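Remarks on the overall topology
Spelled out, the chains give:
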Amino acid sequence: VQLQASGGGSVQAGGSLRLSCAASERISSISVMGWYRQAPGKQRELVATVTVGGSTNYADSVKGRFTISRDNVENAVHLQMNSLKPEDTAAYYCNAVMYRGFKRNEYWGQGTQVTVSS
């Protein structure tokens with residue numbers, strides 16, 4: 001599976017951005033899709049995930065501000081980010097988990113930079 005992330009950029013605190021991750025395979029065949037982020041000098045951390053059934057999971061730091069959604073028409077996953085804060089500045093990575101039989105496969109897209117200025 002190839003994942004193509006887009007939508008990063010620079011914004012002032014309080015602004016919004018929308019990230020998109022286009023998959024090379026039907027997302028209905030992908031068990032879990034999500035976004036992770038990594039700030040300089042820090043470990044990569046989970047931002048949000050969504051299962052094929054539509055269940056979502058968010059990091060506490062983004063709850064109420066970010067919304068993850070699956071788009072079967074565009075074959076993509078989106079992350080709507082509102083009320084952005086400087087601490088949201090990071091490289092954001094798209095992730096997909098697929099199961100082929102009993103084998104778990106994980107895929108990563110390239111990072112897209114989000115910079116929030118105060």
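To be clear, the structure that these remarks concern was listed above.
Everything in this summary refers to the structure shown in the same document.

Here, the word disulfide means a covalent bond between the sulfur atoms of two cysteines. Following the criterion strictly, the structure yields one disulfide and no others. The disulfide bridge from Cys21 ends at Cys94, spanning 1.9 Å between sulfur atoms. Between Cys21 and Cys94, the S-S torsion sits near -85°, and that sign places the bridge as left-handed. Residue Cys21 is found in strand S3 (residues 17–23), and its partner Cys94 is found in strand S9 (residues 90–100); the two are separated by 73 residues along the sequence. Cys21 gets classed as buried once you look at its relative accessible area, which sits at 0%.

Phi at Asn75 takes a positive value of approximately 55°, unusual for a residue other than glycine. Not every positive phi belongs to a glycine, and Ser83 is a case in point at roughly 50°. Position of Ser83 relative to the elements: it lies in the loop between strand S8 (76–81) and S9.

The probe, sized like a water molecule, is rolled over the atoms to show the empty space still left. In this structure, the largest pocket spans a volume of roughly 160 Å³. For the largest pocket, the lining is made up of 13 residues, of which Arg37, Lys42, Glu45, Glu87 and Asp88 are closest to its centre. Residue composition of the lining of the largest pocket, grouped by class: two nonpolar, four polar and seven charged.

In strand S11 (residues 112–117), alternate side chains face the same way, and those of Thr112, Val114 and Val116 are buried while those of Gln113, Thr115 and Ser117 on the opposite face are not. Pairing of strand S2 (residues 9–12) with S11 involves four bridges; the strand directions are parallel. Within S11, the position partnered with Val11 by the bridge is Val116. Of the pairings in the sheet, the one linking S9 to S11 comprises three bridges and is antiparallel in character. Among the inter-strand pairings, Tyr92 is bridged to a residue of S11, identified as Thr112.

On to the pairing of strand S10 (residues 103–108), then. Every other side chain in a regular strand lies on the same face of the sheet, so the side chains alternate between the two faces. As paired strands, S9 and S10 are joined by six bridges and run antiparallel to one another. Of the residues in S10, the one forming a bridge with Arg100 is Lys103. With antiparallel pairing between neighbouring strands as the criterion, S9 and S10 make up a hairpin whose turn holds two residues, including Gly101 at a positive phi of roughly 70°.

This part covers the packing of aromatic side chains. In total, this model carries one aromatic pair according to the counting rule given. Here Tyr36 and Trp108 contribute two aromatic rings whose centre-to-centre distance is 5.1 Å and whose plane-to-plane angle is 70°, an arrangement assigned as edge-to-face. Of this pair, Tyr36 sits in strand S4 (residues 32–38) while Trp108 is found in strand S10, placing the two residues 72 residues apart along the sequence. Relative accessible area serves as the criterion here: at 18%, Tyr36 is assigned to the buried category. Arg44 extends its terminal NZ or CZ atom over the ring of Tyr93, reaching a point 3.8 Å from the ring centre. Its end group placed over the ring of Trp108, Arg44 keeps NZ or CZ at 4.6 Å from the ring centre.

Parameters and conventions
Residues numbered from 1 in each chain as written. Predicted model: local features only at pLDDT ≥ 70, side-chain atom pairs only at ≥ 80, totals over all residues. Heavy atoms only, no water. Disulfide = S-S within 2.5 Å. Helix = DSSP H or I, 4+ residues; strand = E, 2+ residues; numbered from the N terminus. Buried < 20%, exposed > 50% of the residue type's maximum accessible area, 1.4 Å probe, protein only. 1 Å grid on protein atoms, 1.4 Å probe; cavity = no way out; pocket = protein on both sides within 12 Å on 5 of 7 lines; lining within 4 Å. Points joined across faces, edges and corners; volume = space filled by probe spheres on them. Nonpolar A, V, L, I, M, F, W, Y, C, P; charged D, E, K, R; others polar. Pairing = 2+ DSSP bridges. Phe/Tyr/Trp six-rings, centres within 6.5 Å; stacked < 30°, edge-to-face > 60°. Lys NZ or Arg CZ within 6 Å of the ring centre and 35° of its normal.

Just distances and angles here, no functional claims.
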